[in-house]
Amino acid sequence: AQTVTQSQPEMSVQEAETVTLSCTYDTSESDYYLFWYKQPPSRQMILVIRQEAYKQQNATENRFSVNFQKAAKSFSLKISDSQLGDAAMYFCAFNTDKLIFGTGTRLQVFP
Amino acid sequence: DGGITQSPKYLFRKEGQNVTLSCEQNLNHDAMYWYRQDPGQGLRLIYYSQIVNDFQKGDIAEGYSVSREKKESFPLTVTSAQKNPTAFYLCASSIKARVKNIQYFGAGTRLSVL
């Protein structure tokens, strides 16, 4: 079975600090993509970052970057210089023939 | 502006009633999806459609039905056979139903049972 595990139900960070959200997954596929989505209080899912499994280089998008360890099947998200607007639920997901989501991590940002 | 529009934002269902959730996109995407989100859980796939007049069941299709008569529209009907319909429903679309393609989401519909 293909699964995604987010072991941190809640995380908190001080404004301007850095936080890392963990994600592990399990698949026997070799061709897949990994995603982090953000769900703010409005509940709309917003793509944060995407990683291609065959690329060793970690993806970055402004203050967001990933640490992709393919052998360990690990895909963590690092948020640098955290802002109040980063407060949201964060979902890790991977796509083989369909998109499979983890259960999410709620991130709180304190001023 | 291009995007995905879901309506209504809130919907109430009476016992034994079928209700339909609307999803419209103007992104010219071929693929569309319906997900269900319950508290403390990730999104689960209900149905998806890769092209017009074609759709496939996802992981939790029982008690739901869909149609794809137009490229822009992918309505979801929650039938009376769905015994626990209270949830948040999200519609998404992607250019094609391919592994690499990003799925873009609507703002969702919250369905409650009266």
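Just above, that's the structure.
Residues numbered from 1 in each chain as written. Chains lettered and ligands numbered in written order. Predicted model: local features only at pLDDT ≥ 70, side-chain atom pairs only at ≥ 80, totals over all residues. Heavy atoms only, no water.

Undergrad: Looking at this structure, I do not really get the state of the cysteines. What am I missing?
TA: Two cysteines joined by a covalent bond between their sulfur atoms form a disulfide. Applying the stated rule across the entire model yields two disulfides over all chains. Residue Cys23 of chain A pairs covalently with Cys92 of chain A via a disulfide, S to S 2.0 Å. A torsion of -70° about the S-S bond marks the disulfide between Cys23 of chain A and Cys92 of chain A as left-handed. In this pair, Cys23 of chain A is assigned in the loop between strand E3 (19-21) and strand E4 (24-26) and Cys92 of chain A in strand E10 (residues 88-95), connecting sequence segments 69 residues apart. Paired by a disulfide, Cys23 of chain B and Cys91 of chain B hold their sulfur atoms 1.9 Å apart. (Disulfide = S-S within 2.5 Å. Helix = DSSP H or I, 4+ residues; strand = E, 2+ residues; numbered from the N terminus.)

Undergrad: Even after reading the chapter, I still don't get the sheet that holds strand E7 (residues 64-66) of chain B, so can you show me in this structure?
TA: Hydrogen bonds between backbone groups are what pair the strands of a sheet, and the pairing can be parallel or antiparallel. Residues and elements named next belong to chain B. Taken in spatial order, the four strands make up an open sheet running E1-E3-E8-E7, and their pairing is antiparallel. With partners counted over all chains shown, the strands left at the sheet margins are strand E1 (4-7) and E7, one partner each. Within the sheet, the average angular offset between the axes of one strand and its neighbour, ignoring direction, is 20°. Relative to strand E8 (residues 76-78), strand E3 (residues 19-25) runs antiparallel, the two being bridged by three bridges. In the sheet register, Val19 faces E8, and the bridge partner there is Val78. (Pairing = 2+ DSSP bridges. Axes fitted to C-alpha atoms, helices over the stretch in contact; angles between N-to-C directions.)

Undergrad: What is the right way to read the pattern of salt bridges from this model?
TA: Residues and elements named next belong to chain B. Inspection of the entire model under this criterion finds eight salt bridges over all chains. Measuring nitrogen to oxygen at the nearest pair gives 2.8 Å for the salt bridge that ties Asp38 to Arg44. Among the residues examined, Asp38 registers a relative accessible area of 11% and is labelled buried. A relative accessible area of 30% places Arg44 in the partly exposed class. Taken together, the shared-partner salt bridges connect Asp30, Lys71 and Lys96 into one network. (Salt bridge = Lys/Arg side-chain N within 4 Å of Asp/Glu carboxyl O. Buried < 20%, exposed > 50% of the residue type's maximum accessible area, 1.4 Å probe, protein only.)

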